[in-house]
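The primary structure of each chain is shown beneath.
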Amino acid sequence: MYSVLLLCGGVAGVTTVLFGFGGGFVVVPLLYTLLIYVHGPESGIGQAAMHIAVATSTALMIFAASLSTWRHHLRQTVQWHLVRQLVGYIAVGAVLGAEAAVSLSGEWVRWAFIGYLSITIADAVLRPGFLHQAESDVRPMGRGVTAMTGTLIGAVAALLGVGGSVMTVPLMRRRGASMTAATAMANPLSLPMAVSGTATYVLLSANHPALGDGYAGYVDLRALLVLALGSWLGIRLASTWIGRIPDRLHARVYLLLLTMVLVVMVFVH
């Protein structure tokens, strides 16, 4: 199991630095599948598998998004003036999203994950803007729109255990950002969600009786350690490609990865 997690962590690192995923789109379906396979769907861990996958993925983002943000900062691809406007609102939304996830059954969270992916993919394919060549500058948002958007991003990302990319890449893409700029901003915007979301998951599920040692609430600490190591290796490997992928190809691969994750989540349960 841990060798598979190391590989998953590596893939998560690559997708974090190049697509802003924060690891969630890779870690959630694969950790969910592994927990079901190893422990069985009727065990305490099996029944909590979706919650564990989401919480552990959220905790991994603290490490992966921090390292990826630093890599993008060195390449000067992060537009910090836009990031700063959203950070606080995302942190507030993340607390709300994590609280909602803990109160829902794992099956509800799974179908929410599937539903959001389906809507995101369909919107990017059917509505103009995402797949087109980007402009040079990102159009700013008003204060009210920023507050509402940031809170919604944090809530959805923490509920589903995915990074800032889940909403910020499509949002920034439609406001004129290149894929490199959009994914670069997704990483620092994952951090407030990851910190407040992880703390909420740990505190609200700290006394869960069926998980045993090696867990902090719903966070699987052993899996987290292995995933973090793999993520570090993946980020180091992929950092040389920052800014070097053609924009339209970058957007198409982003959607292809989302589609692959959607298929896994639909058929594995």
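Structure: see above.
In short, a report on the structure. Predicted, not measured: the structure shown is a model, and the values here were computed from it.

**Some words on the overall build of the chain**
- Scanning the chain from N- to C-terminus turns up 11 helices and two strands.
- Start at the N end of the chain and walk to the C end: the helices and strands fall as α-α-α-α-α-α-α-α-α-β-β-α-α.
- Over its C-alpha trace the chain gives a radius of gyration of 17 Å, about what one expects of a compact globule, namely 18 Å for 269 residues.
- Expressed as a percentage of its 269 residues, the buried residues of the chain come to 55%.
- A fraction of 83% describes how many contacts in the chain between residues 6 or more apart in sequence connect residues 24 or more apart.
- Looking at the chain as shown, the accessible area adds up to about 11,400 Å², and 68% of this sits on carbon and sulfur atoms.
- Within the chain, the 9 negative side-chain charges are centred at a point lying 13 Å from the centre of the 15 positive side-chain charges.

**Some details on the packing of aromatic side chains**
- If you walk through the whole model with that rule in mind, you get one aromatic pair.
- Here the guanidinium or amino end of Arg173 rests over the ring plane of Phe130, the centre of that ring lying 5.9 Å away.
- It is Arg244 that lies over the ring of Trp241; its NZ or CZ is 5.0 Å from the centre.

**Looking at the side chain of Thr149**
- Secondary-structure assignment places Thr149 in helix H7 (residues 143-160).
- Residue Thr149 is classed as buried on the basis of its relative accessible area, which comes to 15%.
- Leave out the neighbours within four places in its chain, and Thr149 touches Met141 and Leu171.

**Comments concerning the environment of Gly243**
- Mapped onto the fold, Gly243 is located in the loop between helix H10 (221-238) and helix H11 (247-267).
- With 225 residues separating them in the primary sequence, Gly243 and Leu18 have C-alpha atoms 8.7 Å apart.

**Points about the nonpolar core**
- Within the largest apolar cluster, 88 residues are counted, with the highest numbers of intra-cluster contacts made by Met50, Ile52, Phe113, Phe130, Tyr254 and Leu258.
- Considering every element that reaches this core, the biggest residue donor is helix H4 (residues 49-74), with 11 residues.
- Excluding its chain neighbours within four sequence positions, the residues that come into contact with Leu258 are Phe21, Phe25, Leu117, Thr120 and Ile121.

**Quick notes on a nonpolar patch on the surface**
- Taken together, the side chains of Leu6, Phe63, Leu229, Trp232 and Leu233 make up a nonpolar region of the molecular surface, amounting to roughly 420 Å² of accessible area.
- Counting residues per element, the nonpolar patch draws most heavily on H10, which supplies three residues.
- With respect to the secondary-structure elements, Trp232 resides in helix H10.
- Accessibility expressed as a relative area gives 35% for Trp232, which makes it partly exposed.

**Describing the pattern of salt bridges**
- If you walk through the whole model with that rule in mind, you get one salt bridge.
- A salt bridge links Asp247 to Arg173; the nearest nitrogen and oxygen atoms lie 2.7 Å apart. Taken together, the residues Asp247 in helix H11 and Arg173 in helix H8 (residues 165-174) connect sequence positions 74 residues apart. The same class applies to Asp247 as to Arg173, namely buried.

**Observations regarding the packing of helix H5 (residues 80-103) against H7**
- Across the interface, H5 lies against H7 with an axial gap of 6 Å and an inter-helix angle of 40 degrees. Judged on the interaxial angle alone, H7 and H5 are oblique. Remark: the crossing between H5 and H7 carries right-handed chirality. Packed against H5, whose contacting residues are Gln85, Leu86, Tyr89, Ile90, Gly93, Ala94, Leu96, Gly97, Ala98, Ala100 and Ala101, the element H7 presents Thr146, Ala147, Gly150, Thr151, Ile153, Gly154, Ala155, Ala158 and Leu159 at the interface.
- Across the contact of H5 with H7, the residue classes tally to 13 nonpolar, seven polar and no charged.

Basis of the calculations
- Residues numbered from 1 in each chain as written.
- Predicted model: local features only at pLDDT ≥ 70, side-chain atom pairs only at ≥ 80, totals over all residues.
- Heavy atoms only, no water.
- Helix = DSSP H or I, 4+ residues; strand = E, 2+ residues; numbered from the N terminus.
- Rg over C-alpha atoms; globule rule 2.2 N^0.38 Å.
- Buried < 20%, exposed > 50% of the residue type's maximum accessible area, 1.4 Å probe, protein only.
- Contact = heavy atoms within 4.5 Å.
- Areas by Shrake-Rupley, 256 points an atom, 1.4 Å probe, with all protein chains shown as cover.
- Lys, Arg positive; Asp, Glu negative; His and termini not counted.
- Charge placed at Lys NZ, Arg CZ, Asp CG, Glu CD.
- Phe/Tyr/Trp six-rings, centres within 6.5 Å; stacked < 30°, edge-to-face > 60°.
- Lys NZ or Arg CZ within 6 Å of the ring centre and 35° of its normal.
- Core = buried A, V, L, I, M, F, W, Y, C linked by side-chain atoms within 4.5 Å.
- Patch = residues over 30% accessible without salt bridge, like charges linked within 9 Å, V, L, I, M, F, W, Y side chains within 5 Å.
- Salt bridge = Lys/Arg side-chain N within 4 Å of Asp/Glu carboxyl O.
- Axes fitted to C-alpha atoms, helices over the stretch in contact; angles between N-to-C directions.
- Parallel < 35°, antiparallel > 145°, perpendicular 65-115°, else oblique.
- Left-handed = near helix turned anticlockwise from the far one by under 90°.
- Nonpolar A, V, L, I, M, F, W, Y, C, P; charged D, E, K, R; others polar.

Taken by themselves, the reported measurements are silent on function.
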